[in-house]
There are 2 protein chains.
Amino acid sequence: MKAIILNRNLSDKIELVETELPALKENEVRISLVASALNHRDEWSRQGLYPNLRDGVILGSDGAGKVVKIGSKVPGDWLGKEVIINPASNWGGAEHAKSNDFRILGIPDNGTLAEYVQVPYDRLHYKPEHLSWEEAAALPLAGLTAYRAVFVQGGLQAGEKVLITGIGGGVAQFAAQYAVAAGAQVYISSSSAEKIKRAKEIGVLSGFNYKDANWVEEVRATVGGFDLIVDSAMGDTLNNLIDVANPGGRIIFYGATMGNPSGFNARKVYWNQLTIKGSTMGSDGDFLQMVDFVKNKQIVPIIDQIFELKDSVAAFERMKAGQQMGKIVIRIS
Amino acid sequence: MKAIILNRNLSDKIELVETELPALKENEVRISLVASALNHRDEWSRQGLYPNLRDGVILGSDGAGKVVKIGSKVPGDWLGKEVIINPASNWGGAEHAKSNDFRILGIPDNGTLAEYVQVPYDRLHYKPEHLSWEEAAALPLAGLTAYRAVFVQGGLQAGEKVLITGIGGGVAQFAAQYAVAAGAQVYISSSSAEKIKRAKEIGVLSGFNYKDANWVEEVRATVGGFDLIVDSAMGDTLNNLIDVANPGGRIIFYGATMGNPSGFNARKVYWNQLTIKGSTMGSDGDFLQMVDFVKNKQIVPIIDQIFELKDSVAAFERMKAGQQMGKIVIRIS
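What you see is a predicted model; the values in this text were computed from it and never measured. (Residues numbered from 1 in each chain as written. Chains lettered and ligands numbered in written order. Predicted model: local features only at pLDDT ≥ 70, side-chain atom pairs only at ≥ 80, totals over all residues. Heavy atoms only, no water.)

1. Overview of unusual backbone geometry
Ile 107 of chain A connects to Pro 108 of chain A through a cis peptide bond whose omega is 5 degrees. Counting through the fold element by element, Pro 108 of chain A comes out in the loop between strand S7 (103-104) and strand S8 (116-120). At Gln 298 of chain A, a position not held by glycine, the phi torsion is positive, near 50 degrees. Examined against the element boundaries, Gln 298 of chain A turns out to sit in the loop between helix H9 (284-296) and strand S16 (303-308). You will see that Asn 52 of chain B, though not glycine, has its phi angle at about 60 degrees, which is positive. Along the chain, Asn 52 of chain B turns up in the loop between helix H1 (40-46) and strand S4 (62-70). (Helix = DSSP H or I, 4+ residues; strand = E, 2+ residues; numbered from the N terminus.)

Set out below in structure tokens:
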């Protein structure tokens, strides 16, 4: 079968190869993938920034396809089903945090940028019927991360004022879509006027350009402040987020693309009873609730661009450039 | 009446004077104070570090005494009652954060370092019967702050592993006593071997000297990690606290005596799903629950030393030196 593997000896760091999967285990299914999607962790793996990298591994955490073969202990009715894959496994028994055995599909295991992938059948969920194959493939990892950040860690309530920073990313877009669907008043930040305009089409009320020196004052004058902020930049934007948080507000972050903050106003945090909370991926329960929510609210993932498997280097380059608005999808079959 | 007022023209910054209170308002009671207690905010006011300072104001937030006079709209059965005072007022209608009108007894209003104090009768609670006057006076501000930090913001559950940092302070001691009473496994940190020894007498399992370079490794080797950490130092100890937090752990801080952190490991916070949350004082509901808890668990505040009102400068100096183990109480009548 065709697959995209990591090969750090090449200048592109990834290559399209012909390879075979190992024998199917008794609790696994083989899925013929129709579509896959990229996440930052794929590009970071390509850049050598992810732990436990191994040349030869098939990249990719997101996928949608049909079950074409099942292991001896898999219930027979899975055969032929149209599915999406929960890329998170071994979360463990505690909802508040993952176990040390937690892993994500694709690095160090073989992932979804291939014609076939093999996963334990307890990772399967039916493909939501209102989604195309490309949309379904775009959902799992970013949709799960956003769901936990917004609802589980963030505790969003209808009517609250929400800021989602960096609207270009997949997680941020799901977070904005979820918050709108949950009845919140949703605002975003971006350095791109075009992305702010696009965000308004999904129900976002307004956007702030965080590169404007006076964006904090603009928020105060127009919105007042935010009850919930969902961020993945951190770095020295944290003090701005603290400044635009309402008393009792929650700042949830699921990444730190701008690195560690070089400090923050501690007095403002305790005096205003603020919460700064981390979030990553989600539990099996979170995934189940996320899929239910997406079906109930008929949420459709935003797709930036669709590439063929053979054009994966171009797809990765697009993610690296950070200009996308929505998920970058790979059409496989 | 005798009272301790702020007078920044003096080298001591406070002085014992003869003064009179204004006429009692219709919703107020006059309390003949038997004992008062010091808090950091009193000493910080003396040092000019608190906002809204005004020479001539009577300091003090904590007090216990007898109701000797009531305003025209106060129910008659308050007269003669033995009471403690909730020093927090105007919290507002939202439990998750205080309103902008929130204020604390003593600065900018006249406080409890005096023979009499006048407060609205809705600030009164019956003095817990198991406490002496000095113990009752030691409870309100620190007891409230600790209750909200441990239970409301910290969400402590029985059986959890808890670290209380800086055990010398009043809030930290209440936090340790509450956590022990709630069935947690409680550890403390201090730079004083004597204070660690004293803490074990109230049920703390063990203590760590945070000035030891290897205290983080010691925690890992002996305890593993903490589910809840209650801190008021912040500064650059934050990364150590992040290092000793269990996955999903909560770091609650109610002050920042060591100033702002100069950064923190953001990846560890989101990857381990940690919470960093501020807490200050508490709502009326928190105060009510705190008093109930103290009565049910028969918690007795730890008193460091008792001073006469005329020796207040010495009492303030003891707080400034930071060597106390327990509350510094002023006996008034």
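More follows now that the structure is in view.
2. So, the UniProt feature "domain: Enoyl reductase (ER)" (unreviewed entry) in chain A
In this numbering, the UniProt entry assigns the feature "domain: Enoyl reductase (ER)" (unreviewed entry) to residues 9-330 of chain A. What you have in residues 9-330 of chain A is 28% helix and 25% strand, and the ends, taken at the C-alpha atoms, are 23 Å apart. (UniProt positions renumbered as here; feature names shortened; annotations may be inferred.)

3. Focus: the interface of chain B and chain A
At the junction of the two partners, chain B supplies 36 residues and chain A supplies 36 residues. Carbon and sulfur atoms make up 58% of the area that chain B and chain A hide from each other, which totals about 2800 Å². The interface formed by chain B and chain A contains zero salt bridges. Applying the counting criterion to the chain B and chain A interface returns 15 residue pairs in polar contact (both at pLDDT 80 or more). Those elements that provide at least two residues to the side of chain B that touches chain A are helix H3 (140-153), strand S14 (245-253), helix H8 (266-271) and strand S15 (275-278) of chain B. By residue number, the principal contributor to the side of chain B that touches chain A is H8 of chain B, which donates five residues. Its residues placed into classes, the side of chain B that touches chain A shows 18 nonpolar, 14 polar and four charged. Pairing geometry for strand S15 (residues 275-278) of chain A and S15 of chain B, over three bridges, is antiparallel. Counted as the bridge partner of Thr 275 of chain A is Lys 277 of chain B from S15 of chain B. (Contact = heavy atoms within 4.5 Å. Buried area = accessible area lost by both parts, 1.4 Å probe. Salt bridge = Lys/Arg side-chain N within 4 Å of Asp/Glu carboxyl O. Polar contact = N/O pair within 3.5 Å; in protein donor to acceptor, adjacent residues only side chain to side chain. Nonpolar A, V, L, I, M, F, W, Y, C, P; charged D, E, K, R; others polar. Pairing = 2+ DSSP bridges.)

4. As for the domain arrangement of chain A
Residue and element names in this part refer to chain A. Taken as a whole, chain A is organised into domain 1 (2-139 + 301-331) and domain 2 (144-278). Between domain 1 and domain 2, the C-alpha centre-to-centre distance is 29 Å. Contacts between the two partners involve 17 residues from domain 1, matched on the other side by 14 residues from domain 2. Overall, the association of domain 1 and domain 2 removes approximately 1200 Å² of surface from exposure, summing both partners, and the carbon and sulfur fraction of that is 60%. Among the residues of domain 1 in contact with domain 2, Leu 139, Ile 302 and Met 325 are the three that bury the most area, contributing 47% of the side total. Seen at the junction of domain 1 and domain 2, the total is six residue pairs in polar contact (both at pLDDT 80 or more). Among the residues forming the side of domain 1 that touches domain 2, the class breakdown is nine nonpolar, six polar and two charged. (Domains from an automatic or database assignment.)

5. Details of the relation of the copies chain B and chain A
Superposing the two chain copies requires a rotation about an axis and a translation along that axis. For the pair chain B and chain A, the best superposition has an RMSD of 0.0 Å and corresponds to a rotation of 180 degrees with a translation of 0.0 Å parallel to the axis. On this basis, the relationship between the two copies can be described by a two-fold rotation axis. Closest to the rotation axis within chain B is the C-alpha of Gly 263 of chain B, separated from it by 2.1 Å. (Least-squares fit on C-alpha atoms with pLDDT ≥ 70 in both.)

6. A look at H3 of chain B
Residue and element names in this part refer to chain B. Taking 1.5 Å of rise per residue, the 14 residues of H3 would be expected to cover 20 Å, and the 18 Å separating its terminal C-alpha atoms lies within 8% of that figure. Among the 14 residues of H3, 13 are classified as buried, and the element is accordingly described as predominantly covered. Positive backbone phi, approximately 60 degrees, marks Gly 155, located one or two places after H3. (Expected span 1.5 Å × (residues − 1). Buried < 20%, exposed > 50% of the residue type's maximum accessible area, 1.4 Å probe, protein only.)

7. Some points on the pattern of salt bridges
Under the definition given, this model contains 32 salt bridges over all chains. One salt bridge connects Asp 55 of chain A with Arg 8 of chain A, and the closest N-O pair in it is separated by 3.0 Å. Of this pair, Asp 55 of chain A sits in the loop between helix H1 (40-46) and strand S4 (62-70) while Arg 8 of chain A is found in the loop between strand S1 (2-6) and strand S2 (14-18), placing the two residues 47 residues apart along the sequence. Using a relative accessible area of 32% as the deciding quantity, one classes Asp 55 of chain A as partly exposed. Note that Asp 304 of chain B is salt-bridged to Arg 318 of chain B, the shortest N-O span being 2.5 Å.

8. Thoughts on the environment of Glu 115 of chain A
All names here are of chain A. Within the secondary structure, Glu 115 is located in the loop between S7 and S8. When its relative accessible area of 26% is taken as the criterion, Glu 115 is described as partly exposed. For the pair Glu 115 and Gly 155, spaced 40 residues apart in sequence, the C-alpha to C-alpha distance is 38 Å. Residue contacts for Glu 115: discarding those within four places in its chain leaves Met 1, Lys 2, Ile 31, Ser 32, Leu 33 and Ile 332. Among the polar contacts made by the side chain of Glu 115, one reaches the main-chain amide nitrogen of Lys 2 at a distance of 2.6 Å.

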